[in-house]
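# Secondary and tertiary structure notes
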Amino acid sequence: MRIGRALGCLLLLLAARRAAADEALTLSEQQEFNYAFATQVGSGVYSISGRTLQVYRLPLSYAFRSSEEGRTGLRLTFPMTFGFYDFDRQDVLDSDLRDSVATVSVVPGVEFLVPVRAHWRLKPFAEAGYVWDREGGADAAIYSAGLRSRFDFRGGGFDMVLGNGLTYALVDPSGSPGRDAMVAVEAAFTASHLFGRQGQGPAPGQADFEPYFVGRVYFGGEDHPLPSDGANTLVQYEAGMTFGNRGSMKLWKIPLPRVGVGYVFGHDLAALRVVFGAPALSLRP
């Protein structure tokens, strides 16, 4: 019931923001709508100045070699990302965009699992793939590489995770000149606690709540999908809470993701987000 009330309040807030004035998107808001970089955005439904941004990322992967007993592991990744973007009248007037964009991207890659200590892993990765604009000609090749870190620890009855990430992403659009590059630095923290318990270690099958905080800095990434001028170093933050289950709850053999509510904010940016899964890529196991 608590989860239902929280999601109900969020839906009311989303409806209120949908009635916002028809104003041009700020530079920070344009960055959030950059569908070419959607593979680096967490799954969720965002409400930004009356627009709706939906990103659904399926983190498909296969562990070719585990990282147990201190050895380096290897994981092949096959993330698929579906994006749905609803723009406002002002966006269409100021650019060549349509009022809606739907994309599908497949970006396979490889991720190394390097154990540093018992509860600390480094994860260097590289990916290359393609994004298809299903309703137009804004297709593009996507390349990314970087390093993520995940550190697990306990304290005060909470199971906590500290995640950090550095990502370089390059987009090479087909049918138009020029490339677009972006560097993203991420720091994330989350603390999980079981409902009705005082933190007695993992308890599979029991529901938990997980407040989180994420800080991100973006360098570059100017021209897709909206044109913009000036420096494009952006800082943004996100705070929220997700709810889930310590066990492996499944629907027709498909694991159910965590669900939650987040608020994304920064310079000229304020967005509500319905979260699916991990709120940040650096927090993924």
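Coordinates for the structure precede this section.
The structure reproduced in this document is the subject of the present report.

Definitions and cut-offs
- Residues numbered from 1 in each chain as written.
- Predicted model: local features only at pLDDT ≥ 70, side-chain atom pairs only at ≥ 80, totals over all residues.
- Heavy atoms only, no water.
- Helix = DSSP H or I, 4+ residues; strand = E, 2+ residues; numbered from the N terminus.
- Buried < 20%, exposed > 50% of the residue type's maximum accessible area, 1.4 Å probe, protein only.
- Contact = heavy atoms within 4.5 Å.
- Areas by Shrake-Rupley, 256 points an atom, 1.4 Å probe, with all protein chains shown as cover.
- Pairing = 2+ DSSP bridges.
- 1 Å grid on protein atoms, 1.4 Å probe; cavity = no way out; pocket = protein on both sides within 12 Å on 5 of 7 lines; lining within 4 Å.
- Points joined across faces, edges and corners; volume = space filled by probe spheres on them.
- Nonpolar A, V, L, I, M, F, W, Y, C, P; charged D, E, K, R; others polar.
- Core = buried A, V, L, I, M, F, W, Y, C linked by side-chain atoms within 4.5 Å.
- Polar contact = N/O pair within 3.5 Å; in protein donor to acceptor, adjacent residues only side chain to side chain.
- Salt bridge = Lys/Arg side-chain N within 4 Å of Asp/Glu carboxyl O.

What follows covers the overall build of the chain. What the chain contains, in helices and strands, is three helices and 17 strands. Relative to its 285 residues, the chain shows a buried fraction of 44%. Nonlocal contacts in the chain, meaning residues at least 24 apart in sequence, comprise 59% of its contacts between residues at least 6 apart. Surface accessibility of the chain: about 14,200 Å² in total, with carbon and sulfur atoms responsible for 62%.

Note that glycine 165 resides in strand β10 (residues 158–173). According to the relative accessible area criterion, glycine 165 is buried, its value standing at 13%. If we ignore the near neighbours within four places in the chain, the residues touching glycine 165 are Leu147, Arg148, Ala184, Val185, Glu186 and Ser282.

Burial within strand β17 (residues 269–276) is extensive, with six of its eight residues counted as buried. Judged from the eight bridges that link them, strand β16 (residues 259–266) and β17 form a sheet pairing that is antiparallel. Residue pairing across strands places valine 261 opposite valine 274, the latter belonging to β17. The turn joining β16 and β17, which pair antiparallel and follow one another in sequence, is formed by two residues; a positive phi near 60° is taken by aspartate 268.

To continue, consider empty space enclosed by the protein. Scanning the model with the defined rule gives five cavities of 30 Å³ or more in all. The calculated volume of the second largest cavity comes to roughly 120 Å³. What lines the second largest cavity is simply Gln40, Arg148, Gly165, Leu166, Thr167, Met182, Ala184, Val185, Glu186, Arg216, Tyr218 and Leu281. At the level of elements, β10, β11 (180–194) and β12 (207–220) are the ones that each hand at least two residues to the lining of the second largest cavity. Among the residues making up the lining of the second largest cavity, the classes are represented as six nonpolar, three polar and three charged.

The next thing to look at is the nonpolar core. Counting residues in hydrophobic clusters, the biggest one holds twelve residues: Ala38, Val41, Tyr46, Ile48, Leu53, Val55, Tyr85, Phe87, Val101, Val264, Leu269 and Ala271. Put simply, the parts of the chain that give this core at least two residues each are β1 (44–48), β2 (51–58) and β17. If you look at the next biggest cluster of nonpolar residues, it comprises seven residues, including Val161, Ala188, Val275 and Ala280.

A word on the side chain of serine 43. Along the chain, serine 43 turns up in the loop between α2 (27–32) and β1. Among the residues examined, serine 43 registers a relative accessible area of 9% and is labelled buried. There is a polar contact of 2.8 Å between the side chain of serine 43 and the backbone nitrogen of arginine 57. Excluding anything up to four places from it in sequence, serine 43 contacts Val55, Tyr56, Arg57, Arg273, Val274, Val275 and Phe276.

Where strand β4 (residues 73–77) and strand β7 (residues 109–117) come together, five bridges link them in antiparallel fashion. Pairing of threonine 77 across the sheet is with glycine 109, part of β7. Two strands pair when backbone bridges link them, and β7 and strand β8 (residues 120–133) are joined in this way by six bridges, in the antiparallel orientation. Across the sheet, the residue bridging to arginine 117 is tryptophan 120, located in β8. Counted along the chain from β7 to the antiparallel partner β8, the turn is two residues long.

Here we take up the pattern of salt bridges. Summed over the entire model, instances satisfying the criterion amount to eight salt bridges. Among the salt bridges present, the one from glutamate 210 reaches arginine 258, with a minimum N-O distance of 3.8 Å. With glutamate 210 in strand β12 and arginine 258 in the loop between β15 (254–255) and β16, this residue pair connects regions lying 48 residues apart in the sequence. There is no split in this pair, since glutamate 210 and arginine 258 are both buried. Here the salt bridges do not stand alone but share partners, grouping Glu186, Arg216, Glu238 and Arg273 into one network.

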